[in-house]
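Each chain, letter by letter, is given below.
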Amino acid sequence: MFRHRGKNRTYFHNIKLASLLSFVAGTVNIVGVLSIKILTTNITGHFAFFSEEVVLKNYYDAALYLLFIGCFFGGAFSSSLLVEFVSRFRKFQSHFIPLLIEIFILGFIGLSADFKIIISPNMVACLLLFAMGLQNSLVTRVSQSVVRTTHLTGIFTDLGIEISKLFFYGNAISYSQLKKSIMLKIVIVLCFFSGGVIGGFTYEVFHVKTLLFSVGILFFVIWYDRLLYKYYVLKRKIR
């Protein structure tokens, strides 16, 4: 899912990446909404709230929304910086550090109550936004901007455009590629939605510990990626 780049990357690599990490993002989003009443996987709404608070001259609240925006940006920037730096030494392992940082953040928040660590709602929002910035940047780079996992606005826009094109494509190859692109976006939408719904029901029982399920998925992603890599290495040696 992460190691294959460029021409070696297939449609199914993107499908697996999109489904698992979109589910994680959907879960994180609903936990943020239910626990602190703040959207934590995108910043579109925060720009609107920032503008509103500036107009109302509530400069402290405006600065807070600006901080939220900055945290998402910081996560995206840090993820890309880390990938670029690590890839100079270990090209096929450059995705590990952003994923481990995301795991640490989600795990820290999920276990904070058990360890009696008091985290303010605004700090929780900042940490989750940073984690989602990390994830979205990583996925975008790995998939060459084909996959986005933390928000659906652009996905629905592209989906509307591509579905309209189905009525005009006559070339069989182009038509097949278009259908694959549409299916990828539908998978992202469904997995994000599923993560939100399942995460919402899980939150009723486990509260903020629901984030630990996302941590489990991220660990599975790392394990699965390493397992496949070892399988292909072994396969080449046998040949």
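Note that this is a predicted model, so its numbers are computed, not measured.

## Side note on the UniProt feature "transmembrane region" (unreviewed entry) in the chain
Phase 1: According to UniProt, the positions carrying the feature "transmembrane region" (unreviewed entry) are residues 20-43, 63-83, 95-113, 119-139, 182-205 and 211-229.
Phase 2: The span residues 20-43 is 71% helical and 0% strand by assignment, and the distance between its end C-alpha atoms comes to 22 Å.
Phase 3: Between the end C-alpha atoms of residues 119-139 there is a gap of 28 Å, over a span that is 90% helix and 0% strand.

## Overview of the layout of surface pockets
Phase 1: Of the volumes computed, that of the second largest pocket is approximately 160 Å³.
Phase 2: Of all the secondary-structure elements, those providing two or more residues to the lining of the second largest pocket are α1 (11-36), α5 (121-142) and α7 (172-206).
Phase 3: Taken together, the residues of the lining of the second largest pocket sort by class into ten nonpolar, four polar and one charged.

## Notes on helix α8 (residues 211-238)
Side chains three or four residues apart in an α-helix point the same way, a direct result of the helix having 3.6 residues per turn.
Phase 1: Compared with the 40 Å implied by 1.5 Å per residue over 28 residues, the 41 Å span of α8 between its first and last C-alpha is a close match.
Phase 2: All of the buried residues in α8 are L211, S214, V215, I217, L218, V221, I222 and D225.
Phase 3: Buried residues along α8 sit against α1, α4 (96-111) and α5.

## Considerations on the packing of helix α2 (residues 44-55) against helix α3 (residues 59-87)
Phase 1: Where α2 contacts α3, the two axes come as close as 8 Å, and the packing angle between them is 160°. Judged on the interaxial angle alone, α3 and α2 are roughly antiparallel. In this structure, α2 meets α3 at a crossing whose hand is left-handed. On α3, the residues touching H46, F47, F49, F50, E53 and V54 of α2 are Y59, D61, A62, Y65, L66, F68 and I69.
Phase 2: Split by residue class, the contact of α2 with α3 holds ten nonpolar, one polar and two charged.

## Describing the side chain of H13
Phase 1: The topology assignment puts H13 in helix α1.
Phase 2: Within the local environment of H13, its side chain forms a polar contact with the backbone nitrogen of T10, the two atoms lying 2.9 Å apart.

## Observations concerning the nonpolar core
Phase 1: The biggest cluster of nonpolar side chains holds 53 residues, and the ones touching the most others in it are F2, L21 and L211.
Phase 2: For this core, the elements supplying multiple residues, two or more each, are α1, α3, α4, α5, α7 and α8.
Phase 3: The dominant element in this core, judged by the number of residues it contributes, is α5, at eleven residues.
Phase 4: Dropping the residues within four chain positions of it, L211 is found in contact with V28, V31, L106, I109, G110 and L128.

## Points about the environment of F68
Phase 1: The residue F68 is located in helix α3 in this model.
Phase 2: Residue class for F68 comes out buried when judged on its relative accessible area of 1%.
Phase 3: Along the primary structure F68 and F47 are separated by 21 residues, whereas in three dimensions their C-alpha atoms are 9.4 Å apart.
Phase 4: Excluding residues that lie within four positions of it along the chain, F68 makes contacts with I38, I43, H46, N122, A125, C126 and L129.

## With respect to the packing of α1 against α8
Phase 1: The contact between α1 and α8 brings their axes to 9 Å, and the two run at 165°. When the axes of α1 and α8 are compared, the pair comes out roughly antiparallel. The way α1 lies across α8 gives a crossing that is left-handed. Two secondary-structure elements touch here, α1 through K16, L20, L21, F23, V24, T27, V28 and V31 and α8 through L211, S214, I217, L218, F220, V221, Y224 and L228.
Phase 2: Among the residues making up the contact of α1 with α8, the classes are represented as 13 nonpolar, two polar and one charged.

Rules and cut-offs
Residues numbered from 1 in each chain as written. Predicted model: local features only at pLDDT ≥ 70, side-chain atom pairs only at ≥ 80, totals over all residues. Heavy atoms only, no water. UniProt positions renumbered as here; feature names shortened; annotations may be inferred. Helix = DSSP H or I, 4+ residues; strand = E, 2+ residues; numbered from the N terminus. 1 Å grid on protein atoms, 1.4 Å probe; cavity = no way out; pocket = protein on both sides within 12 Å on 5 of 7 lines; lining within 4 Å. Points joined across faces, edges and corners; volume = space filled by probe spheres on them. Nonpolar A, V, L, I, M, F, W, Y, C, P; charged D, E, K, R; others polar. Expected span 1.5 Å × (residues − 1). Buried < 20%, exposed > 50% of the residue type's maximum accessible area, 1.4 Å probe, protein only. Contact = heavy atoms within 4.5 Å. Axes fitted to C-alpha atoms, helices over the stretch in contact; angles between N-to-C directions. Parallel < 35°, antiparallel > 145°, perpendicular 65-115°, else oblique. Left-handed = near helix turned anticlockwise from the far one by under 90°. Polar contact = N/O pair within 3.5 Å; in protein donor to acceptor, adjacent residues only side chain to side chain. Core = buried A, V, L, I, M, F, W, Y, C linked by side-chain atoms within 4.5 Å.

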